[in-house]
Amino acid sequence: MDASALDDDKDESSPGLPSRRRTDTSDSVRVLKPRRAAPADAVRPTRAEVNLAALRHNLRVIARHAGRAKVWPVLKADGYGHGAPAVARTLERAGAEGFCVALLEEAVELRDAGVRAPILVMGGYYGGAYEEIVGRGVVPVIYDGSHLEGLARASRQAGHPVDAHLKIDTGMARLGVRMRDLESFAAELARFPEVRISGLMTHLACAEAAAGSEGSGFTAEQVALFEEATTRLARAGVSPQVRHVANSAAVLRGEALFDAVRPGIAIFGVSPLASGGALELRPVMRVRSEIVDLRTIEAGESVGYGALFRATRPTRIATLPMGYADGLSRHLSNCGHVLVRGVRAPLVGAVSMDMSMIDVTDVPGVGLHDEVTVLGSQEGLSSRDGRDALSAEEIASQAGTIAWEVLTSVSRRVPRFYREP
Ligand SMILES: Cc1ncc(COP(=O)(O)O)c(C=O)c1O
């Protein structure tokens, strides 16, 4: 059993918590922390380096764009793959006033890591664990009657009212009270005085769209519906103190700022705006590995599963111990690149589960154990070497996906190392 698994077992009897052994009653659901490889488990040289100074820098850039709105970084999916506990602790010390996550499990992980700032759980699925929500002092996002009943019950047990944020669906058709149901929801809410709606939110579908495009008109429509929802709810007796709408793209455009903003991807140094609207952002994650095998194949010989690559000249093939199970997309087979000695080397053949092969024929001086950069920048070892960078956006476009998926795909078996450069 690895060290992180032991940590999780220990968690069952965390001090200050009621016993969370599973029983048949719905109000004692056990919420487990997600598991990930720890640096101490690292044997192979594939790892993600997280630059904490870049994280703080991005928070400052975003706070400037947010003006008077509070900044609540979104740290779902393990802090977009960067390791939510370390990211949250760093951002909290740097002045972040709250955090957003998708899952209750993620909120519990942050509380266990000592994070004291308000944590908003946006995902809406609580699986009956309302006692845990109240006990952990986290703020749930609600939008249906079953949430109200569960929260009110937990609030009565705790002996104090609970705060929740109400989500409105203004166009995502994902979660949230629909515009036509606002008044009936307010009437239902009135039956549960234990639940206080302290925040009102919605989520934008097209915030990345360029100004003047059809998508940007959609954002304006969503914001108008949100304003209408605010007015109608106030008339029905629901007047939350804080309203929040903006994701990274909206914040960087200065749109829909309201009282708080919820930036995710920009905190990690990726601008969601095609125009590169925030060139000041700094990438936070760098993923590196090493060459563990180096061989020369002859013209006509093939590489990897399915023999997808066939050499047309004597070719130096290097193997790196990173594959699709680590987050190196299989869609990069025969088309992606990595950096060796500061220059690009193409991925050749199919990316396999734990390993990938690259063509290093044109990398001068290449050797066994040379560092391979899969994401981020690399400087060569000597003045003869190059200097280049692979951004999450570039990798995403090669793999036919988005930067969000590139970052969150770096899997839990890749240990994260935190740096203060
Ligand atoms: C409800 C909500 N708010 C904010 C965000 C942050 O979005 P982004 O990463 O584009 O800033 C997300 C992420 O998808 C989200 O689901």
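Coordinates for the structure precede this section.
Here's what I pulled together on the structure shown here. Keep in mind it's a predicted model, so treat the numbers as computed, not measured.

## Focus on the overall build of the protein
Scanning the protein from N- to C-terminus turns up 12 helices and 21 strands. Looking at the protein as a whole, 52% of its 421 residues qualify as buried. Considering only intrachain contacts with a sequence separation of at least 6, the fraction spanning at least 24 residues in the protein is 66%. Working note: accessible area of the protein is about 18800 Å², and carbon and sulfur atoms make up 51% of it.

## Remarks on the site of the ligand
Near the ligand, the surroundings consist of 14 residues, among which Lys-76, Tyr-80, Ser-248, Gly-264 and Trp-404 are the closest. Lys-76 is positioned with one of its side-chain polar atoms (N or O) 2.9 Å from an oxygen atom of the ligand. Residue Gly-264 places a main-chain N or O atom 2.8 Å away from an oxygen atom belonging to the ligand. Out of a free accessible area of 390 Å², the ligand has 92% covered by protein chains.

## Overview of helix 8 (residues 182-189)
Those residues of helix 8 that fall on the buried side of the exposure criterion are Leu-182, Phe-185, Ala-186 and Leu-189. Axial view of helix 8: buried residues confined to an arc of 100 degrees, hence all on one face. Against the buried residues of helix 8 lie helix 7 (145-158), strand 6 (162-169), strand 7 (177-178), strand 8 (195-201) and helix 9 (214-235).

## Thoughts on the nonpolar core
If you look at the biggest cluster of nonpolar residues, it comprises 117 residues, and the most contacted ones within it are Leu-91, Leu-151, Ile-168, Val-195, Val-340 and Ile-358. With seven residues, helix 2 (residues 52-66) is the single largest residue contributor to this core. Both domains that furnish three or more residues to this core are identified here as domain 1 (3-44 + 52-268) and domain 2 (285-390). Here Ile-358 is in contact with Arg-316, Ile-317, Ala-318, Leu-320, Val-338, Val-340, Ala-345, Pro-346, Leu-347, Val-348 and Val-372, once residues within four sequence places are set aside. With seven residues, the next largest nonpolar core counts Phe-309, Ile-317, Val-348 and Met-357 among its residues.

## Focus: the environment of Arg-93
Note that Arg-93 resides in helix 4 (residues 84-93). Sequence spacing of Arg-93 and Arg-56 is 37 residues, and the spatial spacing of their C-alpha atoms is 9.3 Å.

## Describing the environment of Glu-379
Along the chain, Glu-379 falls in strand 19 (residues 371-379). Residue Glu-379 is classed as exposed on the basis of its relative accessible area, which comes to 55%. Separated by 36 residues in the primary sequence, Glu-379 and Val-343 have C-alpha atoms spaced 8.5 Å apart. Other than its neighbours up to four places away in sequence, Glu-379 contacts Gly-342, Gly-386 and Arg-387.

What counts, and where the lines are drawn
- Residues numbered from 1 in each chain as written.
- Predicted model: local features only at pLDDT ≥ 70, side-chain atom pairs only at ≥ 80, totals over all residues.
- Heavy atoms only, no water.
- Helix = DSSP H or I, 4+ residues; strand = E, 2+ residues; numbered from the N terminus.
- Buried < 20%, exposed > 50% of the residue type's maximum accessible area, 1.4 Å probe, protein only.
- Contact = heavy atoms within 4.5 Å.
- Areas by Shrake-Rupley, 256 points an atom, 1.4 Å probe, with all protein chains shown as cover.
- Near = heavy atom within 4 Å.
- Polar contact = N/O pair within 3.5 Å; in protein donor to acceptor, adjacent residues only side chain to side chain.
- Arc of directions from axis to C-beta.
- Core = buried A, V, L, I, M, F, W, Y, C linked by side-chain atoms within 4.5 Å.
- Domains from an automatic or database assignment.

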